[in-house]
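# Coordinate inspection notes
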Amino acid sequence: MPTIAHAHRLTIATIATDTPMGAQAYQEQIATRAERALSDTGGEAWQVDRAIVRSLRSRLDGNRRLPMSRVATASPRTRRLIGRALYGSAGVTHRMNLELPPAAGGDVVTLHDVVAWLFPDESAPVPAAAREAREADAVICVSEFTAQAATDLLGIRDPHVVHNGVDARFFDAAPLEAAHRSRLGLADRFVLHAGGASTRKNLEALADAWPRVRAERPDLQLVLSGPPHPRRTRLFEGMPGVLMVGRVADDLVPGLVAAATAVVVPSLYEGFGLPVLEAMAANVPVVAANTSSLPEVAGAAAILVNPTGDGIAEGLLAVTAPNAGTASLVRAGRARAAEFTWERAALAHARVWRAVGVSP
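Here is a short report on the structure shown in this document. Fair warning: this is a prediction, and the values are worked out from it, not measured in the lab. (Residues numbered from 1 in each chain as written. Predicted model: local features only at pLDDT ≥ 70, side-chain atom pairs only at ≥ 80, totals over all residues. Heavy atoms only, no water.)

Moving on, we get to the nonpolar core. Burial of nonpolar side chains together is a common tendency in soluble globular proteins. Among the nonpolar cores identified, the biggest contains 39 residues, and Phe 190, Leu 192, Val 263, Val 276, Leu 277 and Met 280 are the most heavily contacted of them. Every element with two or more residues in this core is listed here: β8 (189-194), β10 (242-246), α9 (253-259), β11 (262-265), α10 (274-281), β12 (286-289) and α11 (294-298). The greatest single-element share of this core, amounting to 6 residues, is contributed by α10. In this structure, Val 276 is in contact with Val 265, Val 286, Ala 288, Leu 294, Val 297 and Ala 298, ignoring residues within four places of it in sequence. Counting 26 residues, the second-largest nonpolar core is a separate cluster that includes Ala 197, Ala 262, Val 305 and Ala 313. (Core = buried A, V, L, I, M, F, W, Y, C linked by side-chain atoms within 4.5 Å. Buried < 20%, exposed > 50% of the residue type's maximum accessible area, 1.4 Å probe, protein only. Helix = DSSP H or I, 4+ residues; strand = E, 2+ residues; numbered from the N terminus. Contact = heavy atoms within 4.5 Å.)

What follows is the structure in structure tokens.
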């Protein structure tokens, strides 16, 4: 076994942020398991480094600085030069943000979805990102659906599919205690939607469905969790039975999910759909749109519906009906979620890193 001085080097490159979302959870889950996963896959020793990039004036934690707006719009040649200076020329670099410049060699990228190229209200793609992804030594996609979209839309060849895992905190999580429920204003029974409010999240259809659900389930509350967004406010403000709780503290999220009567994921487009599995792990039934990656993730363990007001209303009424008989659905969901672990995902990443690291 070679000493660490002669080990292969893996640099995991990310961008510092003060508003972590699903992509940032993925980054930390994989990065913290990288060294162990590389060890468990055998072969030569590896040294794992982090490149946490922040803008020039940012006060966030990090160990690299770049003028990010200029880097994002720079020419492919300039971005390659910046990447060489940022990461060095040896080893494997895994860029977990497409905004980051490519490595000179051993370049691995993660593609969560292709929404930047499809939805105008999402962040615009880095001009060079598609080309850089095509030229990368390996592209990891989080679902078969995303891999197919990457192939069809961006021309990426032979992407690796590695499903996300589920944070262990969600498995059999205890529902929020009464004090937290009271502080948030939660009813005894509520449907939870957690996440963003961009067009692809399909909140218009959920807003269309909710009055019909509320008319038949007057004791049921719709709880919307996520960063403030004018679309969400415009659609739901003042609607009876709706509570917008904003961004909930991270340590309360598993309990919030576990306290829900059901979780609804009405999205038109998801690259993976982690809220589906988080709800299943917490023993909560799920109503999800029968679109994009959601059937791939949910399998037969969720109620899949048309992404319309009628379809969503029908699914929510079914899952919240008295004596709805959701026990079997919950059991199936719990078993389905257990198939998606971060340990398994990290091992799959390690096999990609090793393959790239030994390529001529």
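With that settled, consider the pairing of β12. Residues Val 286 and Ala 288 point to one face of β12 and Val 287 and Ala 289 to the other, with burial holding for every one of them. Two strands pair when backbone bridges link them, and β11 and β12 are joined in this way by 3 bridges, in the parallel orientation. Bridge pairing in β12 links Val 264 to Val 287. In this fold, β11 hands off to α10, which returns the chain to β12; that crossover is right-handed. Summarising the sheet, β12 and strand β13 (residues 303-305) pair through 3 bridges and their orientation is parallel. Opposite Ala 288, over in β13, you have Leu 304 as the bridge partner. (Pairing = 2+ DSSP bridges. Right-handed = clockwise from strand over helix to strand, strands pointing away.)

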